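Architecture and fold: a report
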There are 2 protein chains.
Amino acid sequence: MLIVKKFGGSSVADKDKIFNVARRCMEDYEKGHQVVVVLSAMGKTTDGLIAKAHEIDPNPPKRELDMLLVTGEQVSVSLMAMAFHVLGVPAISLNAAQVAMRTTSAYGTAKLKRINTERIRHELENRKIVIITGFQGINKYEDMTTLGRGGSDTTAVALAAALHADACEIYTDVDGVYTADPHLVPNARKLSEVSYDEMLEFASLGAKVLHNRSVEMAKKYGVQLVVLSSLTRAEGTVVKEGAKMERMLVSGVAVDKNTARISVIGVKNEPGIAFKIFNILARNHVNVDIIIQSVGREDRKDISFTVARTDLLEAMTLLNENKAAITAQDITCEEGVAKVSIIGAGMLSNPGVAAKMFEALYSANVNIKMIATSEIRITVLIDEADANRAVRTVHDAFDLAD
Amino acid sequence: MLIVKKFGGSSVADKDKIFNVARRCMEDYEKGHQVVVVLSAMGKTTDGLIAKAHEIDPNPPKRELDMLLVTGEQVSVSLMAMAFHVLGVPAISLNAAQVAMRTTSAYGTAKLKRINTERIRHELENRKIVIITGFQGINKYEDMTTLGRGGSDTTAVALAAALHADACEIYTDVDGVYTADPHLVPNARKLSEVSYDEMLEFASLGAKVLHNRSVEMAKKYGVQLVVLSSLTRAEGTVVKEGAKMERMLVSGVAVDKNTARISVIGVKNEPGIAFKIFNILARNHVNVDIIIQSVGREDRKDISFTVARTDLLEAMTLLNENKAAITAQDITCEEGVAKVSIIGAGMLSNPGVAAKMFEALYSANVNIKMIATSEIRITVLIDEADANRAVRTVHDAFDLAD
């Protein structure tokens, strides 16, 4: 078997954890499997590097920030190779340039395009464990790029697809996908299986188990994922097509506090304005989430939407620079908000689900600011201060507990 | 003009120092010059990375250690690019892979083979300051290599040669080459010029101003160097062919405490033994310095030599493993020794020089353990405890003070 194993930053945060990971990988290697290990930067390394950059330059060029950040994973993979050396297992570390992990040129948010697997296959055939830097790539200028936060998951899935791996294991600090964040909801239950689509909703809504793009890619290439803990031997959650629904309308509740609301007030009620607003943001790689447009009153209307809180400053700057072009009378924003979502395949075939969620929030005295739905998700935007209470209330209302 | 400027780790150790370097480079840029900046890792970064490696693996594979160490310079160059961005100067950082800084495969002690200057020229023509990682390269396997300590000097000289630069400025924490270490000999005098050969002796004998291989390369390609301080505006020392000798027999006194003595006792007095000993060491990249062979008594003789103290453990291990093959009866070593040298072109045409040095040491009650000479240098091995006193005594004896 060829197994791709991805370990996040907290799984390699110090010497003991590095050896713990090495020993787990060694078990599969000693069974005769080929093992590819994808690593993130150790612990809070990436945050530390960003802080270092901001100390010099509050608004660093994205190319140079990527050049800086990619050092984090390179440290992880070389130290991991040393741990394997101590354990007597042949291993080799490779960075994105060495495996020609080609991406688009959008620094900070690059997308993987193709991987040259020749070097990896060569090292695997020599019975080496191959340790690869997650999160990073190289673009057509031979410059280093990063895939955005959580991009190591995407690296692992892309490698699993390119190498036609038999398994792709994503190790995190939780041991699977839960009906809600166990820190928030102590009696949350672990799901044994979820579908790609459900996982996508979980991922995009702040359940920090798997990176969204990694799930999209896994779905596209049919890579079956397992989410496990690097610290326990507990069975994880399998993410695959057509996972059984466990006869639940709702499989979980997710919360996302990295969100902010922007309202563009009093824009002209004419075609093309919404396009202009969202085009400005898209061109600058600011992702927009829930969008609500007021019913036009006379010649003016308001457009509200959410962005990641980390993108708020950039989004506000862009919109204010283009205030005249988008015909806005005012642009306002609010930071202290959170998204709470229920997720479950097929829930919308049962119209009672939304009402039940809103009722639970009403009974807990939580005010709903915005609502958005997809086929398998209902999301509300509420005050951040209400978020934890809202998650517990909704989790109870749908009897998701153990 | 095209100017290559190299700054060592202490010159880029923190934010203020990074901006200081950026501003100095900016001055030349604004005069219309093309500027290439070569940087080492910040402050004690490399030592920190080595400590991190040793925490995991006391004897890390050299390939993986290089993979780890090269991150140090990559951090420096990307942060420097950000500093230029803040100052409004277009700049771009490039690592060894991006400029195809090809080296031999000897990890940790790789030698530069060739540089592809295309990308650098392209960026310079776009009026960018180009910031390049010193100390590192890439070998035929596309793996990262390092040039050994002080290798950034070599990177700078190699770039100056490959780019046919008009000047190559090496910035250090001293403002030139002195007749002795000013920390040790307060009235030491700065030399305005030295020849490549003198500089080679200074460099190889512990005056940590310029890396030996960088001077050899500068001599080979006729690259004129200037050694300057990044902190002052003092005129530096020019290193060039046929520098004027300032009518001095001796231009300086150097001390090297990174040295240890090894004695191979009672080897068979037959041809090939010395070859065997030094071949074992050379194959493992252990450099040997002063060598003394006792006059053979009957069928046995002793061979003593010095190695860098950092290579002592490896050298002793290698020799003990091959004790039978080299017919040694015993192998001993001593760590607490130092080399003190006087350097000056043409000194050996005056036989009084050596005698004067030995007389000075005798009058200071310093015992001489070994002696070695070259055309422009006399070196003695003494107890480390005597080293500082010996330097001052010899410096006085030759009237080198200001």
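Above: the structure in question.
Residues numbered from 1 in each chain as written. Chains lettered and ligands numbered in written order. Predicted model: local features only at pLDDT ≥ 70, side-chain atom pairs only at ≥ 80, totals over all residues. Heavy atoms only, no water.

1. With respect to the nonpolar core
- One finds A:Ile131 and B:Ile120 to be the most contacted residues of the largest nonpolar core, which totals 83 residues.
- Looking at this core element by element, the count peaks at 8 residues for helix α3 (residues 62–87) of chain A.
- In terms of nonpolar packing, the next biggest core, distinct from the first, is built from 81 residues, A:Val70, A:Phe135, B:Ile18 and B:Ala91 among them. (Core = buried A, V, L, I, M, F, W, Y, C linked by side-chain atoms within 4.5 Å. Buried < 20%, exposed > 50% of the residue type's maximum accessible area, 1.4 Å probe, protein only. Helix = DSSP H or I, 4+ residues; strand = E, 2+ residues; numbered from the N terminus.)

2. Observations regarding the sheet that holds strand β12 (residues 193–194) of chain A
All names here are of chain A.
- Strands sit in the order β3-β6-β2-β1-β9-β13-β14-β12 across an open sheet of 8 strands; the sheet is mixed. Edge positions in the sheet fall to β3 (91–94) and β12, since each has one partner strand and no second.
- Examined bridge by bridge, β12 and strand β14 (residues 237–239) share 2 bridges and lie parallel to one another. Note that in β14 the partner of Glu193 across the bridge is Val238.
- Contacts between α3 and the sheet are confined to β2 (34–39), β3 and β6 (129–133), with β6 contributing the most and set at about 165° to the helix. (Pairing = 2+ DSSP bridges. Contact = heavy atoms within 4.5 Å. Axes fitted to C-alpha atoms, helices over the stretch in contact; angles between N-to-C directions.)

3. A word on the environment of B:Ala254
- Positionally, B:Ala254 belongs in strand β15 (residues 252–256).
- As for B:Ala254 and B:Val89, which are separated by 165 residues in sequence, their C-alpha atoms are 41 Å apart.

4. Points about the pairing of strand β1 (residues 2–7) of chain A
Residue and element names in this part refer to chain A.
- Taking burial as the measure, the 6 residues of β1 include 6 buried ones, the bulk of the element.
- Residues Leu2, Val4 and Lys6 of β1 are buried on one face, and the alternating residues Ile3, Lys5 and Phe7, pointing to the opposite face, are buried as well.
- As defined by bridge partners, β1 adjoins β2 across 6 bridges and the pair is classed as parallel. Counted as the bridge partner of Ile3 is Val35 from β2.
- Between the parallel pair β1 and β2, the chain is carried across by helix α1 (residues 15–30), and the sense of this crossover is right-handed.
- Relative to strand β9 (residues 167–172), β1 runs parallel, the two sharing 5 bridges. Across the sheet, residue Ile3 finds its bridge partner in β9, namely Ala167. (Right-handed = clockwise from strand over helix to strand, strands pointing away.)

5. Focus: the interface of chain B and chain A
- In this complex, chain B contributes 40 residues to the contact, which on the side of chain A involves 40 residues.
- Taken over both partners, the interface formed by chain B and chain A buries close to 3,200 Å², and the fraction arising from carbon and sulfur atoms is 65%.
- In terms of surface lost to chain A, no three residues of chain B exceed B:Ile56, B:Met67 and B:Met82, which account for 21% of the buried area on that side.
- Between chain B and chain A we count 2 salt bridges in total.
- Put simply, chain B and chain A have 18 residue pairs in polar contact (both at pLDDT 80 or more) between them.
- At the level of elements, α1 (15–30), α2 (45–56), α3 (62–87) and β3 (91–94) of chain B are the ones that each hand at least two residues to the side of chain B that touches chain A.
- Ranked by residue count, the leading element in the side of chain B that touches chain A is α3(B), at 17 residues.
- Looking at the side of chain B that touches chain A residue by residue, the classes come out as 23 nonpolar, 8 polar and 9 charged. (Buried area = accessible area lost by both parts, 1.4 Å probe. Salt bridge = Lys/Arg side-chain N within 4 Å of Asp/Glu carboxyl O. Polar contact = N/O pair within 3.5 Å; in protein donor to acceptor, adjacent residues only side chain to side chain. Nonpolar A, V, L, I, M, F, W, Y, C, P; charged D, E, K, R; others polar.)

6. Observations concerning α3(B)
- Compared with the 38 Å implied by 1.5 Å per residue over 26 residues, the 39 Å span of α3(B) between its first and last C-alpha is a close match.
- Extensive coverage of α3(B) is indicated by the burial of 22 of its 26 residues. (Expected span 1.5 Å × (residues − 1).)

7. Description of the packing of aromatic side chains
Residues and elements named next belong to chain A.
- Under the counting rule described, the total for this entry stands at 4 aromatic pairs over all chains.
- A ring pair is formed by Phe278 and Phe305, whose centres lie 5.1 Å apart and whose planes are at 70°; its orientation type is edge-to-face. Of this pair, Phe278 sits in helix α8 (residues 273–283) while Phe305 sits in strand β18 (residues 300–307); the two residues are 27 residues apart in sequence, bridging distant segments of the chain. Both residues of the pair, Phe278 and Phe305, count as buried.
- Cation over ring: Arg127 sits above Tyr29, and NZ or CZ is 4.1 Å from the ring centre. (Phe/Tyr/Trp six-rings, centres within 6.5 Å; stacked < 30°, edge-to-face > 60°. Lys NZ or Arg CZ within 6 Å of the ring centre and 35° of its normal.)

8. Description of the packing of α1(B) against α3(B)
Residues and elements named next belong to chain B.
- Two elements in contact, α1 and α3, have axes separated by 9 Å at closest approach and are oriented at 60°. By the angle class used here, α1 and α3 are oblique. Our pair here, α1 against α3, has a crossing hand that is right-handed. Across from Ile18, Phe19, Val21, Ala22, Arg23, Cys25 and Met26 in α1, the residues of α3 making contact are Leu79, Met80, Ala83, Phe84, Val86 and Leu87.
- Here the contact of α1 with α3 is built from residues that sort into 12 nonpolar, no polar and 1 charged. (Parallel < 35°, antiparallel > 145°, perpendicular 65-115°, else oblique. Left-handed = near helix turned anticlockwise from the far one by under 90°.)

9. Notes on the pattern of salt bridges
- Taken as a whole and assessed by the stated rule, the structure comprises 44 salt bridges over all chains.
- A salt bridge links A:Asp143 to B:Arg119, with the shortest nitrogen-to-oxygen separation between them at 3.0 Å. Placement of the pair is A:Asp143 in the loop between β7 (136–138) and β8 (144–146) and B:Arg119 in helix α4 (residues 118–125), with the two residues belonging to separate chains.
- Exposure remark for B:Arg119: the relative accessible area of 16% places this residue in the buried category.
- The residue A:Lys369 makes a salt bridge to A:Glu334 at a minimum N-O spacing of 2.9 Å. Placement of the pair is A:Lys369 in the loop between α10 (352–363) and β21 (370–374) and A:Glu334 in strand β19 (residues 330–334), with a sequence separation of 35 residues.
- Each of A:Arg63, A:Glu64, A:Asp143, B:Arg119, B:Glu123 and B:Lys128 takes part in a single network of salt bridges with overlapping partners.

10. What about the relation of the copies chain B and chain A?
- Of the two same-sequence chains, chain B is brought onto chain A (RMSD 0.1 Å, axial shift 0.0 Å) by a rotation of 180°. Accordingly, the operation relating the two chain copies is best matched by a two-fold axis. Residues of chain B ranked by C-alpha distance from the rotation axis are headed by B:Thr71, positioned 2.6 Å from it.
- Most of the interface of chain B is mirrored in chain A: 100% of its interface residues are interface residues there too. (Least-squares fit on C-alpha atoms with pLDDT ≥ 70 in both.)

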